[in-house]
Every structure is written in structure tokens, then in C-alpha cells.
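Geometric and topological summary
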Amino acid sequence: MGNRFQVKDRFADGAQYIDGRLRPGTSGRSHTVVDPATGQEVLTYELAGTADVDEAVAAAKRAFPAWSAATPGERSDALHRLAGVLAEQAEDFAYAESLQCGKPVKLSTEFDVPGTIDNTAFFAGAARHLQGQAAGEYSGDHTSYVRREAIGVVGSIAPWNYPLQMAAWKILPAIAAGNTIVLKPAELTPLTSLMFAQAAKEAGIPDGVVNIVTGAGRDAGEHLVGHPDVVMTSFTGSTAVGKRVAEIATATVKRLHLELGGKAPFLVFDDADLEAAAHGAVAASLINTGQDCTAATRAYVQRPLHDAFVARVAELMETVRLGDPFAPTTDLGPLVSHAQRDRVAAFVERARAYATVVTGGEAPGGELAEGAYYRPTLISGAAQDSEVVQSEIFGPVLVVLPFDTDDEGLALANDTPYGLAASAWSRDLYRANRATRELKAGCVWVNDHIPIISEMPHGGYKASGFGKDMSTYSFEEYTQVKHVMYDNTAVAAKDWHRTIFGDR
Ligand code: NAD
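Rules and cut-offs
Residues numbered from 1 in each chain as written. Predicted model: local features only at pLDDT ≥ 70, side-chain atom pairs only at ≥ 80, totals over all residues. Heavy atoms only, no water. UniProt positions renumbered as here; feature names shortened; annotations may be inferred. Near = heavy atom within 4 Å. Polar contact = N/O pair within 3.5 Å; in protein donor to acceptor, adjacent residues only side chain to side chain. Areas by Shrake-Rupley, 256 points an atom, 1.4 Å probe, with all protein chains shown as cover. 1 Å grid on protein atoms, 1.4 Å probe; cavity = no way out; pocket = protein on both sides within 12 Å on 5 of 7 lines; lining within 4 Å. Sits in = over half its atoms within 2 Å of the grid points. Helix = DSSP H or I, 4+ residues; strand = E, 2+ residues; numbered from the N terminus. Nonpolar A, V, L, I, M, F, W, Y, C, P; charged D, E, K, R; others polar. Domains from an automatic or database assignment. Contact = heavy atoms within 4.5 Å. Axes fitted to C-alpha atoms, helices over the stretch in contact; angles between N-to-C directions. Parallel < 35°, antiparallel > 145°, perpendicular 65-115°, else oblique. Left-handed = near helix turned anticlockwise from the far one by under 90°. Buried < 20%, exposed > 50% of the residue type's maximum accessible area, 1.4 Å probe, protein only. Pairing = 2+ DSSP bridges. Expected span 1.5 Å × (residues − 1). Salt bridge = Lys/Arg side-chain N within 4 Å of Asp/Glu carboxyl O. Points joined across faces, edges and corners; volume = space filled by probe spheres on them. Disulfide = S-S within 2.5 Å. Buried area = accessible area lost by both parts, 1.4 Å probe.

For the protein chain, the name recorded in an unreviewed UniProt entry is Gamma-aminobutyraldehyde dehydrogenase, with Streptomyces lavendulae subsp. lavendulae as its organism. Per UniProt, the protein chain carries the Sequence similarities (unreviewed entry) text "Belongs to the aldehyde dehydrogenase family."

Now the structure itself:
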């Protein structure tokens, strides 16, 4: 691919973006972004400390009055321009995203980057369509209406698996609604969040509206969540860290939006198209090397199809091509880091004691030995209460279990703490429709698993969190609703005053 720009030159001024310019962090500690495909350094940068967070929040606070007073049309124009800047720089974004995450370039160019541009265009339109109850004389003596208002400085925290899309999902609804934002991306993957903020400036979005602090979770992250001038916390990441974030946000009475972990079931009924389900399971478990909160992780297959499904999925997994993320023929890149690869491998090694590793279960050698690669892995024979069925592995690992009755399949699918996404595979309309009602997840697909669209909400049930990203539902998180009530009687002694001024 073209546009392999010099990352070190681009971020020579530092990897904090505060009040419209790049600068170094002042924590006194540095972090090295590593290309997980090679283990080579990409960029070493100074991490943000609490003082940097304070400056970013102060910049966002200064920018808030003017940005929130801009008309929806003005904010919409700015976001349309941003979509244009992102489209012009699409190759740069795809390059940086693949470099820092190890994503195959066909994924970053066909999914991450166009998805982000589409999201931006969506919020440019949505900014002009804030909804509310119709104004009216609901009490008879008053006119009531609602104002949907921006809430102030939003503090957001994002994970490393889809850094660009997560930055966009946080920034776009927040600023479309008139808020200003300080976003903390994951330390491993800061590049495209910084580039997104720079693109916002090029699009004419005022300095201070979008700020990026790239620091560690424990200090910069917790300081941002607890900051007294931050009115809302929007967090995407693991359920464990989400609980800590919730504690801090609750102690400082902040509005809270949590997009947490997932362990999506993939429910195959015995009338399903086996070939479609097997292809779907391989693609949906391996997308982004399985580091996807909605990835298919637990396939429950009705007994008549179970063995054929296992055989076909294993066969298809073995055709997936691991390789250099920048080669157009690569299907599967490395995991985001060697630490994440080792964590995934440890899950699989422990599973050997109680289940069968049908295919995969190892890191490839040869040319890929230096990278954080792991082969597509299929596990069968694990018990429902085992670790590989209950815990989020976040790697290219699919577990398959059999079920007998529809009731049992649905109960097993719902039997984890998580509830982010699920799919049902059947050609029977009534069966599929029942599954869509009974699966406890924020998104249920029928005969597919993974696609998302800007117009529809994304968010969890149960321990997968609460609140919605994307779609106009996200404005419920990023705006506050004010009831305004006008007296229409113009009399001093109003009827309801009788509760104070004696008898009627
Ligand atoms: P993580 O929870 O370890 O980290 C997420 C972010 O939180 C990072 O920016 C990290 O620096 C920060 N952080 C860590 N400790 C913190 C603390 N004490 N206070 C404040 N911030 C802190 O998650 P991860 O490993 O980066 O990402 C993978 C996780 O994200 C998975 O669980 C995945 O399911 C989840 N995820 C969920 C969604 C969703 O939409 N529900 C989307 C993508 C990823």
C-alpha cells in the first residue's frame, strides 16, 4: 500500500493533543508503540500525567460555551468537512491502524476506515435531528416543551482493538450534540486517535473541542474519570476496568456510559444452512484476530449438525492465511501484542486438560515467529461452566458445544455474565424470531454475525454495560433533557396555590 508516512516525524512534537496542538506528556514516563507483526518499535512517546489531563480538561471547558452555542447546522457542516478530510487521508489512517494493531490492511481499508467516515457523515446529519416530546399544553394552564442540551466536558476512555472506530464512536456523538471531549486511547494504540483530532482541526472544528491524552489507565485514566470538571464518563473496555471506572464516576456523580466485554453465542439450529453457518462462524470468530467484543466465541450447535459443523469449521480455519498485515493476501494478522498472544495461548493450554483442541492451538513458526501471531483455534468438548466458555479470551479461538432442544440451546446461549451480541442460525422464521426475543444481548443477528451500521445502536445488556454507541440513541447519553414550563394564566393566585393559601 502507499502512504507509509514516517510515524516518528509525524509525532515528533509529542503524542498528546491538547487545545489544538501536539505536545509531549509530562508524566516522566514513556511508552513504546510496537508493531506486533515484527516486534519492532514504531514510536516511543512521553505518557500523559495528571497535569496533562488537567490542561486538556481546561481546554475542553474553555471551548464548551462557543461550541455548544453553535447551531446544529454549523456543527453539521463541520462534521461533513471532517468526513471529507478523513476520506482524503484514508490511506494514512489505514496504514497507521494496521501498523499499531497488526490488522490486515484489507480489514483497515475495507472496515475500520470507511466505517469511521460513514459514522462521521451519519453524525453530521444526525446533529440536525435531535428529538424530543412535542411542545404542548399538557397541564391546561401551561405550555411545556423540552430542550435537549449539551452537557459539558465529556471524559472518554477507549480500548486498543479498534482504536480509530472507538475514538470516532466516542468523539462524534459527543461533539455533534455540542459537548467538548477529552479522550484517552489505550497506551498501545494512540496513533489514529491523535490523527482523528488533527483531522478535526483541519475540518475547522475549534481548538479544545477534541483533546487526546495518551496516558496509563491507573493515573491519566482515573484522573480523567474523577475530574471535577468532567460531567460524563464514556468508557469502552473490559468489564473488570469498567467496574473500577464506575466506582470513581459514581463517587463524583457523573453520567456514565459503559461498553464492556462480550462472549457472544452463535446458536445453530438443526435446520440451519450448515455451509453458511460454518463460514459465518469462521469469519465472525476470527475478525480482527478475534479481538472483537462482538466476535462469535461460543458456537452452540444442535446435535444433528454438531459433528459436521466441527469438521467444516476446522477445515475452513485451516485455509485462513496468516501473514504480513500489509500484504493484500493476508487474512489474519497478529494479535495486538505479544502479551495478548501469550494470554490467549495460556487459555488454550489450560483447556487441553478438559477439552479437545481440534485445530490450531499454537503460534506459527518460520517467518512469523517474531510476531504476536496465533493460529485460528477450534475447541470442542468443553463444559458449559469451563473457563473457555465463560471468560472473554479475546483472540482467534472458537469453542463449540452441542445442544438438544431449542430451550436448552437458548438457555446455554444466555448463560454467561455478558450480553453484548448473539446470533441465531435457522431457516425457520418462528424459531429465529423466538431466538431474537429470548437472547439477552444488545444486538441479535439472524443468519449472520458481525455487521454493524451507523444508524443502529451498539451496546450491551448485563455485564456488557449500558448505554448506546452510534445511531441517534447515543444522543440519550450525550445530551440532557430540560423541561421548560410557561404559565399561560397570567394570574397571581394560581389554582394550585390552594395547597398553601387555605381552602378552595
Ligand atoms: P481495558 O479495560 O484493559 O482498557 C481499556 C481502556 O481503559 C484503556 O485505555 C486503558 O488504558 C484504560 N484503563 C485501564 N485501567 C484503567 C483505570 N483503572 N481507570 C481508567 N482507565 C483505565 O481493555 P482493553 O484490553 O484495552 O480492550 C479489550 C476490552 O475492551 C475487551 O474486554 C473488549 O470486550 C472490550 N471492548 C468492548 C467494546 C464494546 O463496545 N462493548 C468494544 C471494544 C472493546
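**Regarding the site of the ligand**
Taken together, 29 residues lie around the ligand, and Ala 158, Glu 222, Ser 238, Leu 260 and Glu 392 are the ones closest in. Side-chain polar atom of Glu 187 to an oxygen atom of the ligand: 2.8 Å apart, as the coordinates give it. Contact with the protein chains hides 90% of the accessible area of the ligand, taken as 840 Å² for the molecule alone. The cavity that encloses the ligand is the largest pocket. Residue assignment for the shell around the ligand shows that the elements contributing at least two residues are helix 8 (217-226), strand 9 (232-236) and helix 9 (239-251). Grouping the constituent residues of the shell around the ligand by class yields 14 nonpolar, 9 polar and 6 charged. The residues that make up the shell around the ligand include at least three from each of domain 1 (16-260 + 464-483) and domain 2 (264-446).

**Remarks on the side chain of Gln 390**
Note on placement: Gln 390 falls in helix 13 (residues 387-390). Every residue in contact with Gln 390, bar those within four places of it in the chain, is listed here: Lys 263, Gln 384, Asp 385, Asp 415, Thr 416, Pro 417 and Tyr 418.

**Observations concerning the packing of helix 6 (residues 163-176) against helix 7 (residues 191-202)**
In contact at an axis separation of 8 Å, helix 6 and helix 7 are set at 45° when each is read in the N-to-C sense. Relative to helix 7, helix 6 is oriented oblique. Crossing angle aside, the handedness with which helix 6 passes helix 7 is right-handed. Counted together, Pro 163, Leu 164, Ala 167, Ala 168, Ile 171 and Leu 172 of helix 6 and Thr 192, Ser 193 and Phe 196 of helix 7 form the full contact between these two elements. Residues belonging to the contact of helix 6 with helix 7 are distributed by class as follows: 7 nonpolar, 2 polar and no charged.

**Focus on the pairing of strand 12 (residues 296-302)**
Across the 7 residues of strand 12, 7 count as buried, placing the element largely inside the fold. Two strands pair when backbone bridges link them, and strand 12 and strand 15 (residues 397-403) are joined in this way by 5 bridges, in the parallel orientation. Bridge assignment links Tyr 300 to a residue of strand 15, and that residue is Leu 401.

**Here we look at helix 6**
Residues spaced three or four apart along an α-helix point in a common direction, a consequence of the helix completing one turn every 3.6 residues. For helix 6, spanning 14 residues, the distance from its first C-alpha to its last is 20 Å, which sits close to the expected 20 Å at 1.5 Å a residue. Across the 14 residues of helix 6, 14 count as buried, placing the element largely inside the fold. Phi turns positive, to about 100°, at Gly 178, one or two residues after helix 6.

**What about the pattern of salt bridges?**
Using the criterion set out here, one finds 31 salt bridges in the structure. Put simply, Glu 247 and Arg 244 hold a salt bridge, and the shortest N to O gap is 3.0 Å. With a gap of 3 residues between them, Glu 247 and Arg 244 both fall in helix 9, about one helical turn apart. Note that Asp 406 is salt-bridged to Arg 431, the shortest N-O span being 2.8 Å. Placement of Asp 406 in helix 14 (residues 406-413) and of Arg 431 in helix 15 (residues 429-438) is noted, with a sequence separation of 25 residues between them. Residue class for Asp 406 comes out buried when judged on its relative accessible area of 19%. With a relative accessible area of 16%, Arg 431 lands in the buried category.

**Digging into empty space enclosed by the protein**
Regions of empty space are outlined by a rolling probe, equal in size to a water molecule, passed over the atoms. Enumeration according to the criterion identifies 7 cavities of 30 Å³ or more in this entry. Forming the walls of the largest cavity are Phe 111, Tyr 162, Gln 165, Met 166, Trp 169, Asp 292, Cys 293, Thr 294, Ile 450, Ile 452 and His 458. Broken down by element, the lining of the largest cavity gets its largest block of residues, 3 residues, from helix 6. The class makeup of the residues in the lining of the largest cavity is 7 nonpolar, 3 polar and 1 charged. Shared between two domains, the lining of the largest cavity holds at least three residues of each, these being domain 1 (16-260 + 464-483) and domain 2 (264-446). A volume near 80 Å³ is recorded for the second largest cavity.

**Brief notes about the sheet that holds strand 12**
Reading across from one edge, 13-14-15-12-11-17-18 is the order of the 7 strands in this open sheet, with mixed pairing throughout. Of all the strands in the sheet, just strand 13 (356-359) and strand 18 (443-446) have a single pairing partner and so form its edges. Ignoring which end each strand starts from, the neighbouring axes of this sheet average 25° apart. Examined bridge by bridge, strand 11 (residues 264-268) and strand 17 (residues 421-425) share 3 bridges and lie parallel to one another. When the sheet's bridge partners are listed, Phe 266 is paired in strand 17 with Ser 423. Packing against the sheet, helix 10 (residues 274-286) makes contact with strand 11, strand 12, strand 15 and strand 17, and its axis sits at approximately 170° to strand 11. Those strands touched by helix 12 (residues 338-351) are strand 13, strand 14 (377-380) and strand 15, and its axis lies near 30° from that of strand 14.

**Section: the state of the cysteines**
For the coordinates displayed, the defined rule picks out 0 disulfides. Residue Cys 101 stays outside any disulfide, its sulfur separated by 14 Å from that of Cys 293, the closest cysteine. Residue Cys 101 is classed as buried on the basis of its relative accessible area of 4%. Cysteine Cys 443 is unpaired, with the sulfur of Cys 293 as its nearest cysteine sulfur at 11 Å.

**Notes on the domain arrangement of the protein chain**
One can read the domain layout of the protein chain as domain 1 (16-260 + 464-483) and domain 2 (264-446). Put simply, the middle of domain 1 and the middle of domain 2, counted by C-alpha atoms, are 30 Å apart. Taken together, the contact pairs 26 residues of domain 1 with 28 residues of domain 2. Summed over the three residues of domain 1 that lose the most area to domain 2, namely Pro 36, Trp 160 and Ser 464, the buried surface amounts to 25% of that side. For the interface between domain 1 and domain 2, the tally reads 1 salt bridge. Notably, a salt bridge pairs Asp 331 with Lys 106, separated by 2.7 Å at the nearest N-O pair. The tally of links from domain 1 across to domain 2 stands at 9 residue pairs in polar contact (both at pLDDT 80 or more). Mapped onto the side of domain 1 that touches domain 2, the elements with two or more residues apiece are helix 4 (90-101) and helix 5 (105-126). Counting residues per element, the side of domain 1 that touches domain 2 draws most heavily on helix 4, at 5 residues.

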